[in-house]
Amino acid sequence: MNAPTLDTAPDRFSLDQMRRLCGDLFAYRPALYWLDFVLSAGVGYALALAYLTGTGPIFAQALAFVGAGVLLFRAGTFMHEIVHMNGALPGFRLAWNLAYGIPLLMPSLMYRNHLDHHNVNRFGTPKDGEYLPLGSAPVAETIKYLIQVPILPVLAVLRFLVVTPLSYLHPGLRRWVRRRVSSYGSNPYYQREVPADEPLWQWALQEWACFAWLAFLASLFVTGALPWALLGKVYLLMTFAIGLNWVRNLAAHKYVNTGARMTLQGQLEDSINITGQTWLTALLFPIGLRYHALHHLFPAMPYHAMGEAHRRLMSQLPADASYRLTDYPNFFAAVSQLWRGARHSAGNGALMQDWRRLGAPGA
C-alpha cells in the first residue's frame, strides 16, 4: 500500500496534516509485543543469573552484567508502552507486572503519572514529573540529576518495604505517599494529583505484592539461604539498568522551558528524535524511545510503527516544518546542546527555587 501524501499546502506545524500521513500506523501487533518482551526479559534474567552466580573469568561475568542490564532496561521500557495502550493488548499489563514490574519494584501504578508529561497544560512545567529545565539552569543541576542514580535502587526498596506498610496506618500519611513518593520521574519537586476515579485497589495490590516480594527476599538473606555478598551484586546491576534510562533521558528533550505553559508546537520543538543508525542508539533508545518527538505528536502510536512514520514525515513535510527541528544524529549531539545551554545559564540559579515553589499543589 502506498503511503499517504499531502494534498494541500502544508503549514510549518499542522497536526492534522501529520496525522493524515501516519493515520494507518496505529494498529498494534500483539505477537511482536509479546515476543519482544518475553525474549528481552527472559534472556535478561538468564544473563543476570549468570552474573549473580558466576565464578568464571571476569570477562565473562562483565559481559553477562552488561547484557543483563541492557536487556532488563529494554524489558522495563514496555512500561512506557503500557501507559498509552488503553487496553489494546489484553493481559499484557498484568503479565508485565507479574514477570517484571513487581520483581524489579517498578509496578505500573508508579508510572501512570506519565500522562501528566503529555498533558498540554503541564508539559515542561513544574507539574510535569518528567521535566527539569536543565538546558536553562546552571550545570550544577545536571550534575545533581546524574548523581541521584546510585540512591534510586535504595529508595525503591524503602518505598515498598518500609513506606508501604507505614502509609496504611494514617490517612494523612497515605495521601502524602500517593502525592510525593508514588511516581517514577526525574522532577523531584513533582507532586502527583490522584484523580477521584483512580482504581486505588490496584495500587494496594501492586504495593503489597512488592512488599511481599521484598519481605520474602529479606527472609532469604537473614536466614542465610542467600549470601549477603549477592545483595551488592544485585544493587550494582539495578543501578546500571536504571542509570541507562537516566542517562538516556538527557536526550529526550532540550529542557529549555523555564516553567511557562507551552504551545503544542513549542512542546514538539523542545522534543528530540535520535535518528543516527549507531549501536549506541539501538541500545540506549529501545522500544521507540529514539523517536521521542514523534511520540509526543502521537502518544498512542505503537513502537514498531515509529520508524515508518518518521520516514513519511521527513519525506513529505516542507523544509521549514517544525518537526525537522527535532532531528539529532546521535545521543552526543543532543546532550552537547543541553550542556552548552547549561553553561550559558550560570547566573540563573534562582530558577530551581521557583520550580520547586510552582510545583506545589494549587500553585
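Residues numbered from 1 in each chain as written. Predicted model: local features only at pLDDT ≥ 70, side-chain atom pairs only at ≥ 80, totals over all residues. Heavy atoms only, no water.

Draft legend 1. Structural context of the side chain of Ser 345. For Ser 345, the position within the fold is in the loop between helix H16 (331-343) and helix H17 (351-358). Classification of Ser 345 by relative accessible area gives buried; the value is 12%. A distance of 3.4 Å separates a polar atom in the side chain of Ser 345 from the backbone oxygen of Ser 136. Reaching out from Ser 345, the side chain makes a polar contact with the backbone oxygen of Gly 341 at a distance of 2.7 Å. (Helix = DSSP H or I, 4+ residues; strand = E, 2+ residues; numbered from the N terminus. Buried < 20%, exposed > 50% of the residue type's maximum accessible area, 1.4 Å probe, protein only. Polar contact = N/O pair within 3.5 Å; in protein donor to acceptor, adjacent residues only side chain to side chain.)

Draft legend 2. Layout of the environment of Trp 246. Within the secondary structure, Trp 246 is located in helix H11 (residues 228-248). A relative accessible area of 10% places Trp 246 in the buried class. For the pair Trp 246 and Thr 258, spaced 12 residues apart in sequence, the C-alpha separation works out to 21 Å. In this structure, Trp 246 is in contact with Tyr 145, Leu 146, Gln 148, Val 149, Leu 152, Gly 185 and Ser 186, ignoring residues within four places of it in sequence. (Contact = heavy atoms within 4.5 Å.)

Draft legend 3. Region of the structure containing the side chain of Asp 270. Along the chain, Asp 270 falls in the loop between helix H12 (264-269) and strand S1 (273-274). There is no salt bridge for the buried Asp 270, and the closest opposite charge comes from Lys 254, which lies 6.8 Å off by N-O distance. Engagement of the side chain of Asp 270 in a polar contact is seen with the side chain of Tyr 131, the distance being 3.1 Å. At a separation of 3.4 Å, a polar atom in the side chain of Asp 270 contacts the main-chain amide nitrogen of Val 256. In this structure, Asp 270 is in contact with Phe 123, Tyr 131, His 253, Lys 254, Tyr 255, Val 256, Asn 257 and Met 262, ignoring residues within four places of it in sequence. (Lys, Arg positive; Asp, Glu negative; His and termini not counted. Salt bridge = Lys/Arg side-chain N within 4 Å of Asp/Glu carboxyl O.)

Draft legend 4. Quick peek at unusual backbone geometry. With a phi close to 55 degrees, Asn 86 is a non-glycine residue in the positive phi region. Structurally, Asn 86 is set in the loop between helix H4 (78-85) and helix H5 (92-101). Classification of Asn 86 by relative accessible area gives exposed; the value is 73%. In this structure, Leu 105 is a non-glycine residue whose phi angle is positive, near 60 degrees. Here Leu 105 falls in the buried class, since its relative accessible area comes to 7%.

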